[in-house]
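For reference, the chains in residue letters:
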Amino acid sequence: MSCGAWSCSSRFLGASSFTYAEATATQQLADWVGAHTRMVEYFGGATALWVPDQLKSAITRPCRYEPDVNRTYEDLATHYGAVVVPARPRKPRDKALVETSVLVAQRWILARLRDQTFFELGALNRAIRVLLDELNDRPLRKLGVSRRALHEQLDRPALRPLPATRYVLAHWKRCSVNIDYHVLVERHAYSVPFQLLREPVEVRYTTTTVEVFFKGRRVTSHPRRYDGRPSTVAEHMPSAHRAHAEWTPSRLIRWAAKVGPATARLVTRILESRPHPEQGYRAVLGIMRLGRQHGNVRLDAACARAVALGSYRYRTVKNILASGQDRLPLEPPAETNPTPAHTNLRGSAYYAAATREED
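Note that this is a predicted model, so its numbers are computed, not measured.

### Description of the pattern of salt bridges
So, step 1. Evaluation of the coordinates by the stated rule reveals 15 salt bridges.
So, step 2. One salt bridge in this structure joins Glu152 and Arg156, with 3.3 Å as the shortest N-O distance.
So, step 3. It is possible to trace a salt-bridge network through shared partners that takes in Asp75, Arg204, Glu211 and Arg218.

Shown next as structure tokens:
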């Protein structure tokens, strides 16, 4: 077993010395929370107080008198009905029984596994669990009963029952609402009510859900997204933005078809030429405004000229209308580089005759 590759931790209950131990890949937040979740399930309940060391995964700002508990760790404790009361830094007597339990676990478990080699964490924890159960089932020398028997008699009735659902790892983030009334979480944007523009908020996010809190009150939640596209709720938008969001590609194309066939072709090409159709909405809405200014007949003629030019842009249509080119007849495109008549040019008939002679 490589002691440097994994972190071994143990926890126990005071009255019975009932012990839990496992190996984790690191002491970072995800492993720390996962170990606690499996601990309370092994104990069959949770205690009212948790007394950890002031490591970074538990305490964000160490202090002898008023340490700041990591928000995720506090969230975990609240889920199981517990309160975190960290031990003072460099004061092992605050948890003297825990230090004794760690020593027992090291002698009973780690010492017996020290000559074995494990190549994955699951195999190591299975070996630890076998020895852990032996430790808890072994009769205590002075009392003559096992830790497990004392646990069932003394600790188990006093534990808080486990909640119906297992805790899901959640991260917390403090941020400000951007000018587009969205907050960024792992490079994805989620909307909040536009009234909170530039306000500081807290975001709680799991693998499936994103929740936004303002002054301790949850204001919105979203399903977690991983496709890079923003998650926007219409009710969060100002009225002007909401009207803009009600347009869809099919609705825009139907409107364009009512103006004329050339307008429909132009709008379709604008929406198709963008990586996302939404990027062409503003251009199409600008063309709609040109129709209100100049009339549908002139707009369709200008769109026909823009299509003929191969320029699928709002600015092209605007310039055509401003210069009056829509009133000019639309000439068919001239043939480029026509082949001149010359006696040295053999033409297709020559090659057809040569092919027949070869046959």
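Still more ground to cover, so stick around.
### Brief notes about the nonpolar core
So, step 1. Of all hydrophobic cores here, the largest spans 34 residues; its most connected members are Phe43, Trp50, Tyr73, Leu76, Tyr80, Ile109 and Leu113.
So, step 2. Contributions of two or more residues to this core are made by β2 (19-24), α1 (29-43), α2 (71-79), α3 (96-113) and α4 (121-137).
So, step 3. Considering every element that reaches this core, the biggest residue donor is α1, with seven residues.
So, step 4. Counting residues in hydrophobic clusters, the runner-up holds 23 residues, among them Ala264, Tyr281, Leu299 and Val317.

### Some remarks on the packing of aromatic side chains
So, step 1. Taken as a whole and judged by the stated rule, the model has seven aromatic pairs.
So, step 2. Between Phe18 and Phe43, the aromatic rings sit 5.8 Å apart at their centres with planes inclined by 50°, giving tilted as the arrangement. Here the residue Phe18 occupies a position in the loop between β1 (7-12) and β2, and Phe43 occupies one in helix α1, the gap between them amounting to 25 residues. For the pair formed by Phe18 and Phe43, the shared burial category is buried.
So, step 3. For the ring pair Trp172 and Phe213, a centre distance of 5.4 Å and an interplane angle of 40° mean the geometry is tilted.

Scoring rules and cut-offs
- Residues numbered from 1 in each chain as written.
- Predicted model: local features only at pLDDT ≥ 70, side-chain atom pairs only at ≥ 80, totals over all residues.
- Heavy atoms only, no water.
- Salt bridge = Lys/Arg side-chain N within 4 Å of Asp/Glu carboxyl O.
- Core = buried A, V, L, I, M, F, W, Y, C linked by side-chain atoms within 4.5 Å.
- Buried < 20%, exposed > 50% of the residue type's maximum accessible area, 1.4 Å probe, protein only.
- Helix = DSSP H or I, 4+ residues; strand = E, 2+ residues; numbered from the N terminus.
- Phe/Tyr/Trp six-rings, centres within 6.5 Å; stacked < 30°, edge-to-face > 60°.

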